[in-house]
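Topology and contacts: notes
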Amino acid sequence: MNRKIEIIHGDITKIPVDIIVNAANSSLLGGSGVDGAIHRMGGKEILNACQKIRAKQGGCKVGEAVITTAGNLPAKYVIHTVGPRWNGGNNHETDNLKNCYLNSFIVANNNGATSISFPNISTGIYNFPKNQAASIALETITDSLYLYHNIQKVNIVCFEIENYLIYKELIESL
Ligand code: APR
């Protein structure tokens, strides 16, 4: 079992870490779910930074990741990544979800991060089946830890107990 990964049942905006990952949408203008919580707790600075990115490159494509200030959050940065909306499973949902984790690692590594917290991307409003999403997340995070040695700590922060139990079972089986 990888010692660097911790499964936490809680609120991602409350856990001090270098990087908090947001499950955003392509507009980068905020939303509900974890996106809403991050903007609410992080404050206007985050939205302003997102608007600058929009002005430069439009929004953020599914599977891609951009980085902003973390505002008032207990972190240095927020990485906004856009998960796939579940659409039956034959529309590259798995690859796009994998890319969310991969690209977040790349951006985190490029910004000198040593710790990162992920929410359960796409498993809320975007309806990605929780078990499948958990397997994809854990596999991609485990592989990425071998690639990016600077990242010493990964928190998978489960807001819902259902996801927490899925991840606990999965990580014990690794
Ligand atoms: N901390 C950690 N996880 C949270 C928090 C929080 N404070 N609030 C919600 N979550 C969890 C949800 O319970 C879910 O397990 O984040 C996971 C992802 O759910 P959503 O936030 O709905 O994200 P997603 O399914 O990727 O849908 C993205 O929702 O909020 C909008 O703007 C966002 O359009 C985008 C869509």
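Here, every reference points to the structure presented above.
Not measured: the values here are computed from a predicted model.

Thoughts on the sheet that holds strand β3 (residues 65–69)
Strand order across the open sheet formed by six strands is β1-β6-β5-β2-β4-β3, with mixed pairing between neighbours. The sheet is open, and its two edges are formed by β1 (5–9) and β3, each paired on a single side. Taking each pair of neighbouring strands and ignoring which way they run, the sheet shows an average axis angle of 25°. As paired strands, strand β2 (residues 19–24) and strand β5 (residues 115–118) are joined by two bridges and run parallel to one another. Paired with Ile20 across the strands is Ser117, a residue of β5. Against the sheet, helix α1 (residues 33–42) touches β2 and β4 (77–82), its axis set at about 130° to β2. Running at roughly 135° to β3, helix α2 (residues 44–57) makes contact with β3 and β4 of the sheet.

Some details on the side chain of Ser115
Its place among the elements puts Ser115 in strand β5. Relative accessible area serves as the criterion here: at 13%, Ser115 is assigned to the buried category. For Ser115, the side chain forms a polar contact with the main-chain nitrogen of Asp18, separated by 2.8 Å. Those residues in contact with Ser115 that lie beyond four places of it in its chain are Val17, Asp18, Ile19 and Lys153.

Remarks on the site of the ligand
Near the ligand, the surroundings consist of 22 residues, among which Asn25, Ser32, Asp35, Gly124 and Glu160 are the closest. Within the backbone of Ser122, an N or O atom sits 2.8 Å from an oxygen atom of the ligand. Here Thr123 contributes a side-chain N or O atom positioned 3.3 Å from an oxygen atom of the ligand. Compared with its free state, where it exposes 690 Å², the ligand has 93% of that area covered by protein. The set of elements that each furnish at least two residues to the shell around the ligand consists of β2 and α1. Counted by class, the shell around the ligand contains eight nonpolar, 11 polar and three charged residues.

Brief notes about unusual backbone geometry
Positioned with a positive phi, Leu28 is a non-glycine residue whose angle comes to about 65°. Considering the arrangement of structural elements, one finds Leu28 in the loop between β2 and α1. Even without a glycine there, the phi angle at Asn127 is positive, about 65°. Along the chain, Asn127 falls in the loop between β5 and α4 (130–147). Asn127 gets classed as exposed once you look at its relative accessible area, which sits at 55%.

Considering the nonpolar core
In this structure, Phe118, Ile141, Ile151 and Tyr167 are the most contacted members of the largest nonpolar core, which totals 32 residues. Of all elements in the fold, only β1, β2, α3 (93–110), β5, α4, β6 (153–158) and α5 (161–173) reach the threshold of two or more residues within this core. Looking at which element gives the most residues to this core, the answer is α4, with seven residues. In contact with Phe118, other than residues within four places in its own chain, are Ile12, Val21, Tyr101, Ser104, Phe105, Ile141, Val154, Asn155, Ile156 and Val157.

Section: the environment of Asp95
Residue position: Asp95 is located in helix α3. On the basis of relative accessible area, Asp95 is assigned to the partly exposed category, the value being 44%. The sequence separation of Asp95 and Pro84 amounts to 11 residues, and the corresponding C-alpha distance is 9.0 Å.

About the thresholds
Residues numbered from 1 in each chain as written. Predicted model: local features only at pLDDT ≥ 70, side-chain atom pairs only at ≥ 80, totals over all residues. Heavy atoms only, no water. Pairing = 2+ DSSP bridges. Helix = DSSP H or I, 4+ residues; strand = E, 2+ residues; numbered from the N terminus. Axes fitted to C-alpha atoms, helices over the stretch in contact; angles between N-to-C directions. Contact = heavy atoms within 4.5 Å. Buried < 20%, exposed > 50% of the residue type's maximum accessible area, 1.4 Å probe, protein only. Polar contact = N/O pair within 3.5 Å; in protein donor to acceptor, adjacent residues only side chain to side chain. Near = heavy atom within 4 Å. Areas by Shrake-Rupley, 256 points an atom, 1.4 Å probe, with all protein chains shown as cover. Nonpolar A, V, L, I, M, F, W, Y, C, P; charged D, E, K, R; others polar. Core = buried A, V, L, I, M, F, W, Y, C linked by side-chain atoms within 4.5 Å.

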